[in-house]
Amino acid sequence: MSTSTTAVPEELKDTVTLSNLDHVIEFLSRFLDPVANLARSNSVWPLTFGTSCCAIEMMHVGMSKFDISRFGSEVFRATPRQADLIITAGTITRKMAPALITLYEQLPEPKYVIAMGACTVTGGMFNDSYSVVQGVDRIIPVDVYLPGCPPRPDGILDALLKLQQKIRTETYRDRRKKAYKQTAVLYVDYDTGRPVDDLVAEVKSETETVLAESVGNANPTQ
Amino acid sequence: MKDDEVNKPAEQTAEATVPLTEGVYGKLLKENGIASTPLPESIGIETLEVQASAVPAAMKFLREQAKLNFLVAVSGVDSPDTFDSVYHLWSFSKLDELVVKVRVPKSSLPADKLPEVPSLSNYWQTADWHERETYDLIGIRYIGHRYLRRILNPWDWEGHPLRRDYKQPVDALNDKHPVSMR
């Protein structure tokens, strides 16, 4: 949805533009939010994301004894494009962190994260490790923290219920404010390891300063 | 075998005073011209030390003649004065095991040079990834490995984490949380 601040041309003022639709939807969302949120919260589909031991408990919660599909998570989608929840079940190492960030950015809005297990909440038993990310909230935003090592399947269901409660009480406007520019793939320069956007911005600012200097040299002021 | 461990500190680890059960594989190797020194370190399992240059011949002999045909693991140790490359062997036909160590003294290495041991990856395929793990974590370079690169850490990691003098780099991903109790 565009949030453009440019003036609308004269000849288009009598048509409905996208920014007008924005306002209409925001107005309607006051009435549609409760219904839509109830519908969304009762069908949260997680992504199959399990890196280590917590994944076993996540499998338990998908099986028949602690059935997660009776709470709406009918299927665990294998592709992030069709999921709206990541349950980070398992230790996230520094080697895995870029993959998790890519997956999170590939989820379409509105998306949620349940940090499951001690390793993803604060680094867990790998507190002093050289290779474990001390808590997944350092790399992606987390909605519900679920401690345990591993948490029982009942605990995962409790976290899912808390998340459903959170979904039911949120508004469209706040959600849109939190949504950031989706970059599904972050291009990183191979030699320096820095994002290409940063390098491009650096080069641009350098050229600007060089041009400003050359203009200054060409037209010396008294 | 129990009284061997009791006697060990009292006598030297010379092959003449080692009883037969302790030195079976040592004797077999000596008969084929490969020098080895018994070590008292494993829990009742015969342990030998061989020189790095003798590793390919010794392993070939142990696999074919001594029927120790299963390489259980290749691991590394950062001892106070040596880097060890440890091979655990098991025999399915005789249900017997052996531990072979290759010790490279740290004093023989110039600074920042990795100890070099011949690779077994062309002989036993298990050794392929085990040697990559040992290279990644302890930093023993295996000569003859087809593609020795890091396996557990990211490909551009610096340093060998399981060494005694490894200082982990602390950045925004693994620094101490402000309210942490550590």
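Computed from a predicted structure; not experimentally measured.

Definitions and cut-offs
- Residues numbered from 1 in each chain as written.
- Chains lettered and ligands numbered in written order.
- Predicted model: local features only at pLDDT ≥ 70, side-chain atom pairs only at ≥ 80, totals over all residues.
- Pairing = 2+ DSSP bridges.
- Helix = DSSP H or I, 4+ residues; strand = E, 2+ residues; numbered from the N terminus.
- Contact = placed C-beta atoms within 7 Å.
- Axes fitted to C-alpha atoms, helices over the stretch in contact; angles between N-to-C directions.
- Buried ≥ 20, exposed ≤ 12 C-beta atoms within 10 Å, placed from the backbone.
- Arc of directions from axis to C-beta.
- Domains from an automatic or database assignment.
- Expected span 1.5 Å × (residues − 1).

Chemist: Mind showing me how you'd approach the sheet that holds strand β4 (residues 144-146) of chain A here?
Modeler: All names here are of chain A. Across the sheet, four strands lie side by side as β1-β2-β3-β4; this open sheet has parallel pairing. Taken across any chain shown, the strands that pair with only one partner, and hence form the sheet edges, are β1 (46-47) and β4. Across the sheet, helix α5 (residues 153-168) lies against β3 (112-116) and β4, angled at about 170 degrees from β4, the strand it touches most.

Chemist: Would you mind showing me how to read helix α2 (residues 54-62) of chain A here?
Modeler: The α-helix advances 3.6 residues per turn, and as a result positions three or four apart in sequence lie on the same side. Residue and element names in this part refer to chain A. Looking at α2, one finds that the buried residues are Cys54, Glu57, Met58 and Val61. Angular distribution of buried residues about the axis of α2 spans 105 degrees; they occupy a single face of the element. Considering only its buried residues, α2 is in contact with β2 (85-89), β3 and α5.

Chemist: Explain the domain arrangement of chain A to me, please; I cannot follow it from the model alone.
Modeler: Often, the extent of an interface is quoted as the loss of accessible area upon association of its parts. When cut into domains, chain A gives domain 1 (41-178) and domain 2 (186-216). Taken over C-alpha atoms, the centre of domain 1 of chain A sits 37 Å from the centre of domain 2 of chain A.

Chemist: I would appreciate a short explanation of the sheet that holds strand β2 (residues 47-50) of chain B in the present structure.
Modeler: Sheet strands pair via backbone hydrogen bonds, and the direction of the pair is either parallel or antiparallel. Residues and elements named next belong to chain B. Pairing is mixed in the open sheet, where five strands are placed in the order β1-β2-β5-β4-β3. The open sheet terminates on both sides in strands that have one partner only, identified here as β1 (36-39) and β3 (70-78). Adjacent strand axes in the sheet meet at a mean angle of 25 degrees, parallel and antiparallel pairs treated alike. As defined by bridge partners, β1 adjoins β2 across four bridges and the pair is classed as antiparallel. From the neighbouring strand, Ser36 faces β2, where its bridge partner is Val50. Its contacts with the sheet place helix α2 (residues 24-31) against β1, β2 and β5 (96-105), and it is angled at close to 175 degrees to β1. Relative to β3, helix α4 (residues 126-137) is tilted by about 10 degrees, and along the sheet it contacts β3 and β4 (82-91).

Chemist: Please explain α5 of chain A as it appears in this structure.
Modeler: Residue and element names in this part refer to chain A. Taking 1.5 Å as the rise per residue, α5 with 16 residues should run 22 Å; its terminal C-alpha atoms sit 23 Å apart, in good agreement. Listed as buried for α5 are Pro153, Ile156, Ala159, Leu160, Leu163, Gln164 and Ile167. Along the axis of α5, the buried positions cluster into a sector of 145 degrees, meaning they face one direction only. When the buried face of α5 is taken as reference, the exposed residues oriented beyond 90 degrees from it are Asp154 and Gln165.

Chemist: Hey, could you run me through the pairing of β5 of chain B in this one?
Modeler: All names here are of chain B. Two elements, β2 and β5, share four bridges in a ladder whose sense is parallel. What sits directly across from Val50, in β5, is Val102. Note that β4 and β5 share ten bridges and pair antiparallel. Paired with Ser91 across the strands is Asp96, a residue of β5. Between β4 and β5, which pair antiparallel and follow one another directly, the connecting turn spans four residues, one of which, Leu95, has a positive phi of 55 degrees.

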